[in-house]
Every structure is written in C-alpha cells, then in structure tokens.
Amino acid sequence: MFELLHKGGPLMYPLFLCSILTFTIGLERAYYYLKACRRNDIFDDVKFLTIRGETENALTIAEKSNSPVAAVLAEAIKNKDKGISAIEESVSLKGSYELKGLTKNLHILELIGRIAPLLGLLGTVLGMVNAFKTVSSVKGAVDPAILAGGIWEALLTTVAGLVVAIPALVLHHFFEDRVKTIAFQMKHCAAEIISLLTGENK
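Residues numbered from 1 in each chain as written. Predicted model: local features only at pLDDT ≥ 70, side-chain atom pairs only at ≥ 80, totals over all residues. Heavy atoms only, no water.

Asks: When you look at helix H2 (residues 12-37) in this model, what are you seeing that I'm missing?
Replies: An α-helix turns once every 3.6 residues. As a result, residues three or four positions apart point the same way. Taking 1.5 Å per residue as the helical rise, H2 with its 26 residues ought to reach 38 Å, and the 37 Å between its terminal C-alpha atoms agrees with that figure. Looking only at H2, the buried set comprises Met12, Leu15, Cys18, Thr22, Ile25, Gly26, Arg29, Tyr33 and Ala36. (Helix = DSSP H or I, 4+ residues; strand = E, 2+ residues; numbered from the N terminus. Expected span 1.5 Å × (residues − 1). Buried < 20%, exposed > 50% of the residue type's maximum accessible area, 1.4 Å probe, protein only.)

See the structure below:
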C-alpha cells in the first residue's frame with residue numbers, strides 16, 4: 001500500500017488523508033444517527049402523558065432521552081405556561097440547535113467528494129508531464145515500457161481520487177437523508193405537542 005502511495009506521487013498523501021477523514025466521519029455520524037433515532041418512539045409516551053395532564057412526567061421522560069425529537073418536546077413542555085408564540089419561538093431555537101448537531105461534519109464529506117477526483121486528476125496530469133519529460137530526455141529509440149510505466153503510475157492518483165470520492169458522496173447523501181427525516185419528525189412532533197399544550201392551557 002505504501003509503495004502505491006509513493007509511486008502515485010505527492011498528491012496521494014492528501015488523498016490518503018481524505019480517505020481517513022471519510023472513514024472517521026462516517027463512523028462518527030453513523031453512531032450519532034443511530035443514537036438519535038433509537039428513542040424516536042418516545043413521542044407516543046410523551047403525547048399520552050400530556051393528554052392525561054401529566055406534563056411533569058412527560059418532561060422527565062423527554063429529558064432522559066438524548067434524541068433531537070425528545071429535546072424539542074422537552075423544550076415545548078418547559079415553556080407550556082407561556083403563550084403559544086413564546087413556545088413556538090423556543091422550540092424553533094431548540095430545533096435549530098439540534099439541526100446544527102445533526103449536520104455536523106457533513107460539509108466535510110461533501111467537500112471530499114468534490115475535491116478528491118480533482119486532486120486525482122491533477123496528480124495524473126503532473127505524472128503524465130513527468131513521464132513525457134523522462135521520455136523526451138532519452139536519446140535514441142524510446143522503450144515503450146518506460147512510457148507505459150510512467151502513465152501507469154500517473155493514473156494511480158485518478159483511481160485513488162475516485163475511490164475516495166465515491167464513498168464520501170454516498171455517505172453524504174445517506175446522512176443528509178437521515179437529517180431530513182429527523183428534522184421532519186422534530187417539526188411534526190413539536191407541532192402536535194404544542195397543539196396539545198396550548199389546548200390544555202385554554
């Protein structure tokens with residue numbers, strides 16, 4: 001592996017770093033979303049207790065969960081004695097905060113997916129330049145093996161760039177879809193619990 005890194009040229013090292021970042025961020029985000037979605041069914045418990053008027057118990061259950069949905073539910077219940085505008089504003093702010101956590105590092109995956117092929121292409125172009133430069137310096141008949149070897153090594157960075165970019169873009173798309181799903185759940189559950197709380201206060 002390290003031999004391929006050396007043969008591919010200096011741009012193989014930033015591509016290798018990009019691959020490590022993609023792997024690390026992918027694992028961290030997968031664990032985060034798994035944990036975030038683990039207790040999304042908590043809404044049914046909170047809703048049931050809220051309908052019964054047991055808002056303190058509902059708040060306790062919501063606060064024990066680490067999910068973004070539970071966080072906005074807890075925020076709504078904490079502000080239940082305020083007006084509907086105040087509740088909606090506090091829930092909106094809390095939702096924005098949770099959304100920021102959900103999208104953390106996704107821009108890095110997107111950036112890697114965009115620049116990795118370009119880095120690979122640049123490495124290939126530089127490698128081709130060196131290969132032809134070597135061939136031009138040879139006097140007499142040129143051995144095709146020399147040119148073929150240079151081109152082979154130059155193409156390594158293009159392959160590496162695509163190998164890094166494809167998983168990064170796939171992960172970014174998958175995680176972005178999870179963010180949209182959780183954001184919808186937060187919005188839907190918050191709207192329903194606010195409706196129950198404000199109806200209860202009337």
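Having seen the model, we can carry on.
Asks: What exactly am I supposed to notice about the nonpolar core here?
Replies: Nonpolar side chains tend toward joint burial in soluble globular proteins. By size, the foremost hydrophobic cluster in this structure holds 31 residues, and its most contacted members are Tyr33, Val46, Leu73, Ala76 and Val91. Sorting the residues of this core by element identifies H2, helix H3 (42-51), helix H4 (55-64), helix H5 (68-78), helix H6 (84-102), helix H7 (106-137) and helix H8 (144-201) as the ones contributing at least two each. Not counting residues within four places of it along the chain, the set of residues in contact with Ala76 comprises Ile87, Val91, Ile193, Ile194 and Leu197. One finds Leu119, Ala160, Val164 and Ala165 within the second-largest nonpolar core, a separate group that totals eleven residues. (Core = buried A, V, L, I, M, F, W, Y, C linked by side-chain atoms within 4.5 Å. Contact = heavy atoms within 4.5 Å.)

Asks: Would you explain H6 in this entry?
Replies: With 19 residues, H6 should cover 27 Å at 1.5 Å per step; its first-to-last C-alpha distance of 26 Å lies within 8% of that length. Turning to H6, its buried residues number three or more, namely Ile87, Ser90, Val91, Gly95, Glu98 and Leu102. Within H6, the buried residues cover an arc of 140° as seen down the axis, which keeps them to one side. Among the exposed residues of H6, those oriented more than 90 degrees off its buried face are Ser85, Glu89, Leu93, Tyr97 and Lys100. (Arc of directions from axis to C-beta.)

Asks: Before we go on, may I ask you to explain the side chain of Lys80 in this structure?
Replies: Examined against the element boundaries, Lys80 turns out to sit in the loop between H5 and H6. With a relative accessible area of 15%, Lys80 lands in the buried category. For Lys80, the side chain forms a polar contact with the side chain of Asp81, separated by 3.4 Å. (Polar contact = N/O pair within 3.5 Å; in protein donor to acceptor, adjacent residues only side chain to side chain.)

Asks: Would you take a moment to explain the confidence of the model for the chain for this structure?
Replies: Caution applies to low-pLDDT regions: their predicted coordinates should not be interpreted in detail. Residues with a pLDDT of 70 or more make up 85% of the chain, whose mean pLDDT is 85. Summarising per-element confidence for the chain, the mean pLDDT is lowest in helix H1 (residues 2-8) (63) and highest in H6 (92). (pLDDT = per-residue confidence, 0-100.)

Asks: Explain a nonpolar patch on the surface here, please?
Replies: Among the surface-exposed residues, Leu121, Val125 and Val129 lie close enough to one another that they form a single nonpolar patch of about 260 Å² accessible area. Tracing the sequence through the fold places Leu121 in helix H7. The exposure class assigned to Leu121 is partly exposed, which follows from its relative accessible area of 48%. (Patch = residues over 30% accessible without salt bridge, like charges linked within 9 Å, V, L, I, M, F, W, Y side chains within 5 Å. Areas by Shrake-Rupley, 256 points an atom, 1.4 Å probe, with all protein chains shown as cover. Salt bridge = Lys/Arg side-chain N within 4 Å of Asp/Glu carboxyl O.)

Asks: It is not clear to me how the environment of Met186 should be interpreted in this structure. Could you clarify?
Replies: Note that Met186 resides in helix H8. Taking the C-alpha atoms as reference points, Met186 and Ala71, 115 residues apart in sequence, are found 8.8 Å from one another. The contacts of Met186, once residues within four sequence positions are left out, are Pro68, Val69, Val72, Gly95, Glu98 and Leu102.

Asks: Looking at this structure, how should I read the packing of H3 against H4?
Replies: If you want to describe how two helices pack, look at the angle between their axes and the distance between the axes. With their axes 8 Å apart at the nearest point, H3 and H4 run at an angle of 165° to one another. Here H3 is positioned roughly antiparallel relative to H4, judged by the angle of their axes. Crossing of H3 against H4: the hand is left-handed. Side by side, H3 and H4 meet where Ile42, Val46, Leu49 and Thr50 of the first sit next to Thr55, Asn57, Ala58, Ile61 and Ala62 of the second. Broken down by class, the residue content of the contact of H3 with H4 amounts to six nonpolar, three polar and no charged. (Axes fitted to C-alpha atoms, helices over the stretch in contact; angles between N-to-C directions. Parallel < 35°, antiparallel > 145°, perpendicular 65-115°, else oblique. Left-handed = near helix turned anticlockwise from the far one by under 90°. Nonpolar A, V, L, I, M, F, W, Y, C, P; charged D, E, K, R; others polar.)

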